[in-house]
Amino acid sequence: MTRKKTMPQKTLLAALMAASALSLAALPAAAEDVVRLGNLKLAHFGAVSYTQMLTDCGIKVEERIFAKGPDIMQAMVAGELDVGATASEAAISGRAAGAPIYIVAGFAKGGARLVAAPDAKVTKVTDLKGKKVGVTRGGIQEVLLAAELAQNNLTWSDQPGKDVQIVYLNYPDLNQALMLKQLDAIMQTEPQGSQAVNGGFGVEVMKPYDTAIGSPVRTLVMSEEFHDKHKAVAEKFMRCFVKATKTFIDKPEVASKYVRETLFKKQLTEADFNSAMGNAQYSYDIDPAQIQITGETMAKYGVSKMAKVPTATDYVKLDLLADAKKDLGIQ
């Protein structure tokens, strides 16, 4: 009788392990959770953008740049974004119109500047009487401009006949119009406000933070579906946002390099970045009371056509932010 040759046990084990390794190698790698982010190309929006550069968040952030905050809100309503970075007025207007969104953090403060042409003889708000003033429609700068004009008893319209004639242009176009002397003054965002001053075709009149709104806060917004139904991924994104913001606060040189070289593709000087961030601060926090005041100011001066100002405490949800800050040891 002949015995069948059997494979030695060690050899068999090695063969099985090799086959298992080959089988695992053939499997596709586990896909990362993707977070769709809408953002603006502005200096103080840089920390939100930086989330896509962090490799230890367990998510992939796909950023899309928009021209203005209301465009981001429209994309969120259309289901194209999970998270958006906007000024507070876009979030407030969106919520008032029924957009299913929450404000989940505040990522920057300040970032506005009233700039006049050097020969316009404008040194204070009351000097704007009889002048043409540019602003971006739907931006927080429009709300601040309205509040400043009203506080100084000036009337305004985009048609002739009022104390101040308003001209609506996008942020880069405002600087161009001021440079060409088509406008007497502009209520501008950053870094464009700093670029106008540093470029010599604008002089600062004021930083418009003396109204009831105070220094405006920029809002990080999530869709209700992302916040409520994809909690684990939303938590990862919030931790990533807090990490990115802490990096920018603790390491200004990292913030400067990223914003100038990546976000602005080397079209922003270090001097302009420093000036811009001298008028804005990266932040995490937001106060529902300030959101409520901003909404009421918008309604009072007709900046946004809202049937009713939404109640801030109904849609300012700071649970994810509080948990992320606690996890990362941030007060």
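Source: prediction; values computed, not measured.

J.: Please provide a residue-by-residue account of helix 5 (residues 140–151), values included.
T.: Given a rise of 1.5 Å per residue, 12 residues ought to cover 16 Å, and the 16 Å separating the end C-alpha atoms of helix 5 matches this to within 8%. Counting buried positions over the 12 residues of helix 5 gives 10, a clear majority of the element. Where helix 5 is concerned, the buried positions are Ile140, Gln141, Glu142, Val143, Leu144, Leu145, Ala146, Ala147, Glu148 and Leu149.

J.: Describe the packing of helix 4 (residues 88–96) against helix 12 (residues 288–300), naming the residues involved and giving the relevant values.
T.: In contact at an axis separation of 10 Å, helix 4 and helix 12 are set at 75 degrees when each is read in the N-to-C sense. Viewed along their axes, helix 4 and helix 12 adopt a mutual orientation that is roughly perpendicular. When helix 4 is examined against helix 12, the residues Ser88, Glu89, Ile92 and Ser93 are found in contact with a partner set consisting of Ile291, Thr294, Gly295 and Met298. Of the residues assigned to the contact of helix 4 with helix 12, the class counts are three nonpolar, four polar and one charged.

J.: How would you explain the environment of Val197 if you had to name every residue and give the values?
T.: On the secondary structure map, Val197 appears in helix 7 (residues 192–198). Sequence separation between Val197 and Asn175 is 22 residues, and the spatial gap between their C-alpha atoms is 9.9 Å. Not counting residues up to four positions away in its chain, the partners in contact with Val197 are Arg113, Val115, Gly202, Val203 and Glu204.

J.: I'd like a description of unusual backbone geometry, backed by residues and values.
T.: Look at the link from Glu190 to Pro191: it is a cis peptide, with omega at 15 degrees. Topologically, Pro191 is positioned in the loop between strand 9 (185–189) and helix 7. Even without being glycine, Lys121 reaches a positive phi, approximately 60 degrees. Residue position: Lys121 is located in the loop between strand 5 (112–116) and strand 6 (132–135).

J.: Any details on the domain arrangement of the protein? Residues and values, ideally.
T.: In terms of domains, the protein is made up of domain 1 (34–110 + 215–328) and domain 2 (112–206). For domain 1 and domain 2, the distance between their C-alpha centres works out to 25 Å. Contact residues are listed per partner, giving 25 residues for domain 1 and 23 residues for domain 2. Between domain 1 and domain 2 the total buried area reaches about 1800 Å² when both faces are included, carbon and sulfur atoms providing 62% of it. Summed over the three residues of domain 1 that lose the most area to domain 2, namely Asn279, Tyr301 and Val303, the buried surface amounts to 25% of that side. Taken together, domain 1 and domain 2 are joined by zero salt bridges. Joining domain 1 to domain 2, the criterion identifies seven residue pairs in polar contact (both at pLDDT 80 or more). Looking at the side of domain 1 that touches domain 2, the elements that each hand over two or more residues are helix 4, helix 11 (270–277) and helix 12. Considering each element in turn, the side of domain 1 that touches domain 2 owes the most residues, four residues, to helix 11. Its residues assigned to classes, the side of domain 1 that touches domain 2 comprises 13 nonpolar, eight polar and four charged.

So, how was this worked out
Residues numbered from 1 in each chain as written. Predicted model: local features only at pLDDT ≥ 70, side-chain atom pairs only at ≥ 80, totals over all residues. Heavy atoms only, no water. Helix = DSSP H or I, 4+ residues; strand = E, 2+ residues; numbered from the N terminus. Expected span 1.5 Å × (residues − 1). Buried < 20%, exposed > 50% of the residue type's maximum accessible area, 1.4 Å probe, protein only. Axes fitted to C-alpha atoms, helices over the stretch in contact; angles between N-to-C directions. Parallel < 35°, antiparallel > 145°, perpendicular 65-115°, else oblique. Contact = heavy atoms within 4.5 Å. Nonpolar A, V, L, I, M, F, W, Y, C, P; charged D, E, K, R; others polar. Domains from an automatic or database assignment. Buried area = accessible area lost by both parts, 1.4 Å probe. Salt bridge = Lys/Arg side-chain N within 4 Å of Asp/Glu carboxyl O. Polar contact = N/O pair within 3.5 Å; in protein donor to acceptor, adjacent residues only side chain to side chain.

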